[in-house]
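What follows is the residue order along each chain.
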Amino acid sequence: MATARRRQSRLVTLINIPLDWIDERSALVRGVKYFLFRNVPGDISWAHTLGSATLTAFLVQLTTGVFLAMYYKPDPDKAYESIEHITNDVTLGWLVRGMHRWGASVFIILMFFHMARVFLFGAYKYPRELNWIVGVLLLITGMLEGFTGYLLPWDQTAYWATVVGININASAPFLGPFIADFLRGGAEIGGDTLARWYSLHMLLIPGALIGLILLHLYLVVRLGVSSPPWSDHAAGRDRTPRPARGRAGLVRGGRR
Amino acid sequence: METRGPTEPPQGPAPSLWPLGFAIGITVALVGLVIGSWSAVAVGGVLLLAFGFLWARDVATGMQEPPAVADEAPGGPETVTDVAAGGPAPAELEDEEIERFPRNVFLELSTLGLGAAIGGLVTLPVIVMAVGDPFVHDPVFEVDIGSIEDFPEGEFMIATFFIDRAAGEVSRRTAYVRYNGPAENGEPSFTIVSNRCVHLGCPVQVNGLVLTNQKKETNEGAATLVEVTPTAAASGFGCPCHGGQYDTEGNRVAGPPVRALDRFRFDIRDGRLVLLAPYSVAEVEGQGADAVIKAYPLVNPSVHVDGPEALFYPFEAP
């Protein structure tokens, strides 16, 4: 019994030594603990997990997308064939492509559920307005991912849906024709369009998406999770001090 | 966990009616646009500007006050300042109060300036590369689609061809060609309509019989691979995507399109029909050889070329 306990404590030490080494130099372990063990209201529910679910769906897209890129060829002559190759020939290619294809819808749907939860719980209110704004930007970038990814299979549906999508953009006043030229990479849809959308889909927009997600999470951690509207408790964190007179007269009466 | 004290003023929206008027202005202007009443648009615009100004002035007045910052002590008890009483704000360490040396200012400015210069040097070429070529359209376009004798009078022929064979199937284009007989000046007259729907760019189809079994190549050996398919009893064109309908001159008769179908310029060279760059059409009056075409430079589908809506598209890509 005593031997077992001694062996266990030696094991704990073995795990702790490298962790301590890292933490002493980077405070990373402390940071992760701060992130994972921060206080949240006691009466939160499953509805509060929709944000994490959306994040998970995004991580699935990220992972599967990286490996689909190893086989996909963004060339008008080869794109459709490479998709068929992934689906029919590559081991488990059908599964990874299916995860990416259906996961895209899951990601968008979960984003809307998460947004509905935040809206209905009033969790967008002070001091979390900025996080709502970041969330709206995330929704836009997420939809752009769906829009650009839809062209990549390069079949009839993808092609004509993109023709229509680009021309809807072209119908916007003033800037519309230029947005359409940028999206097409010229006056007509062609090989440049596919490569351009591939680059947008897997480099530019995901980069923006990851940056916005980090900002979103930073604000969640900084401001805390809000309790549900029926809660007896205040929000999950003490009130954030605000500039004492900065807002006077702006949102309520008072000396101007 | 502390609950909110009773002395704490509640957080809420402003007791201001300006945003409401602003919203009403937007609504009136948009409704005016939809029903086409310019006076309603004007009224809405005036409301919009007036309430927008009042609202902005309200916000600006609030902003002008010197903000007092209560330093945050993480984990510690927060300091609650009673705002409603209008008591003196805690002193703030302003930027100006910190002693700055010229060297200090110079270093800050040179760091910012150098960073901006390097960032610009990298970003500018990248942006120009991304948008430069797409914004310059190549107007050169010439396709010999066959001898005049290949096109019987009065029937639409479906001509398909590649504008860039190397680019593959994606560069295949379709034109609907009808020979109208000789015009008044004796030159042969053709009606050559693009198949690009001017709603959102789907391919319009002939409403009539397509005689697929009589398809033939009319320019043997050409890289453009011109194929012509006759049709019979064509009563116009229809789009499969959203139901836009056009008559035999390409005028809109039903559905969402905003103008008439685009047309190709053409030239007769040694008895052969040569398609040139397409152009956009607002409307066609008359028929066949007598048609009067209101022509405009080629623009995107869904873009208005005439009427007040055309003002929304003031710039043309070069």
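In this text, all values refer to a predicted model and were calculated from it rather than measured experimentally.

(A) Structural view of the overall build of chain A. Counting its secondary structure elements, chain A contains nine helices and zero strands. Reading chain A from its N terminus to its C terminus gives the helix and strand order α-α-α-α-α-α-α-α-α. In terms of C-alpha radius of gyration, chain A reaches 24 Å, well past the compact-globule figure of 18 Å for 256 residues. When the backbone C-alpha atoms are referred to their principal axes, chain A occupies close to 70 × 65 × 35 Å. Across chain A, the fraction of contacts at a sequence separation of at least 24, relative to all contacts at a separation of at least 6, is 67%.

(B) Representation of the pairing of strand 4 (residues 188-194) of chain B within the structure. Residues and elements named next belong to chain B. Buried residues dominate strand 4, accounting for five of its seven residues. Bridging between strand 3 (residues 172-182) and strand 4 involves six bridges; their strand directions are antiparallel. Among the inter-strand pairings, V177 is bridged to a residue of strand 4, identified as I192.

(C) Layout of unusual backbone geometry. In this structure, P127 of chain A follows Y126 of chain A across a cis peptide bond, with omega equal to 5°. Within the secondary structure layout, P127 of chain A lies in the loop between helix 5 (93-120) and helix 6 (129-151). Positive phi, normally seen in glycine, also occurs at D270 of chain B, with a value near 55°. Here D270 of chain B lies in the loop between strand 12 (260-269) and strand 13 (272-285). At S302 of chain B, a residue that is not glycine, the phi angle is positive and equals roughly 70°.

(D) Structural view of the nonpolar core. Residues A159, A175, V177 and L261 of chain B are the most contacted members of the largest nonpolar core, which totals 45 residues. Those elements giving two or more residues to this core turn out to be helix 7 (156-170) and helix 8 (176-184) of chain A together with strand 1 (143-147), strand 2 (156-162), strand 3, strand 4, strand 12 and strand 13 of chain B. Setting aside residues up to four positions removed in sequence, A159 of chain B forms contacts with I145, A175, V177, V226 and V228 of chain B. One finds A79, I86, L152 and L194 of chain A within the second-largest nonpolar core, a separate group that totals 13 residues.

(E) The arrangement of the domain arrangement of chain B in detail. Under the domain assignment used here, chain B contains domain 1 (18-62) and domain 2 (143-312). Computed from C-alpha coordinates alone, the two centres of domain 1 of chain B and domain 2 of chain B are separated by 44 Å.

(F) Focus on the pairing of strand 13 of chain B. Residues and elements named next belong to chain B. As judged from the three bridges shared by strand 1 and strand 13, these two strands associate in the antiparallel manner. If you follow D144 over to strand 13, its bridge partner there is V274. Sheet analysis places strand 12 next to strand 13, joined by seven bridges and oriented antiparallel. When the bridges of strand 13 are listed, A260 appears paired with V281. Hairpin connection, strand 12 to strand 13: the antiparallel pair is bridged by two residues, and D270 has positive phi, about 55°. In the sheet, strand 13 pairs with strand 14 (residues 292-296) via four bridges, with the strands oriented antiparallel. Within strand 14, the position partnered with E285 by the bridge is V292. Between the antiparallel neighbours strand 13 and strand 14 lie six residues, among them G286 with a positive phi of about 85°.

(G) Geometry of helix 1 (residues 18-35) of chain B. Residues and elements named next belong to chain B. Between its terminal C-alpha atoms helix 1 stretches 26 Å, which fits the 26 Å expected from 18 residues at 1.5 Å a residue. Listing the buried residues of helix 1 in full gives F22, G25 and V28. Looking straight down helix 1, one finds its buried side chains confined to an arc of 125°; they lie on one side. Of the exposed residues in helix 1, those oriented more than 90 degrees away from the buried face are L20, V34 and I35. With its phi angle positive at about 75°, G36 sits one or two positions after the end of helix 1.

Thresholds, definitions, all that
- Numbers given for residues are sequential positions, taken from 1 along each chain in its written order.
- Here every chain gets a letter starting at A, and every ligand a number starting at 1, in the order they are written.
- Thresholds applied to this predicted model are a pLDDT of at least 70 for local features of residues and 80 or more for the giving and counting of side-chain atom pairs; totals over whole chains, interfaces and linings are not thresholded and use all residues.
- Under the scheme used here, helices are H or I runs from DSSP no shorter than 4 residues and strands are E runs no shorter than 2 residues, and both carry numbers assigned from the N terminus.
- When we talk radius of gyration, it's over C-alpha atoms, and the globule rule is simply 2.2 Å times the number of residues to the 0.38.
- We call two residues in contact when the distance between their C-beta atoms, placed using the backbone, is within 7 Å.
- Whether a residue is buried, exposed or partly exposed follows from its count of other C-beta atoms within 10 Å of its own C-beta, namely 20 or more, 12 or fewer, or something in between, respectively; the C-beta atoms are built from the backbone.
- Each pair of strands is called paired provided DSSP finds at least two bridges between the two strands.
- By convention in this section, buried Ala, Val, Leu, Ile, Met, Phe, Trp, Tyr and Cys residues joined through C-beta atoms within 7 Å make up a nonpolar core.
- Where a domain begins and ends is set by an automatic assignment or by a domain database.
- One fewer than the residue count of a helix, multiplied by 1.5 Å, yields its expected span.
- Arc definition: directions from the helix axis to the C-beta atoms.

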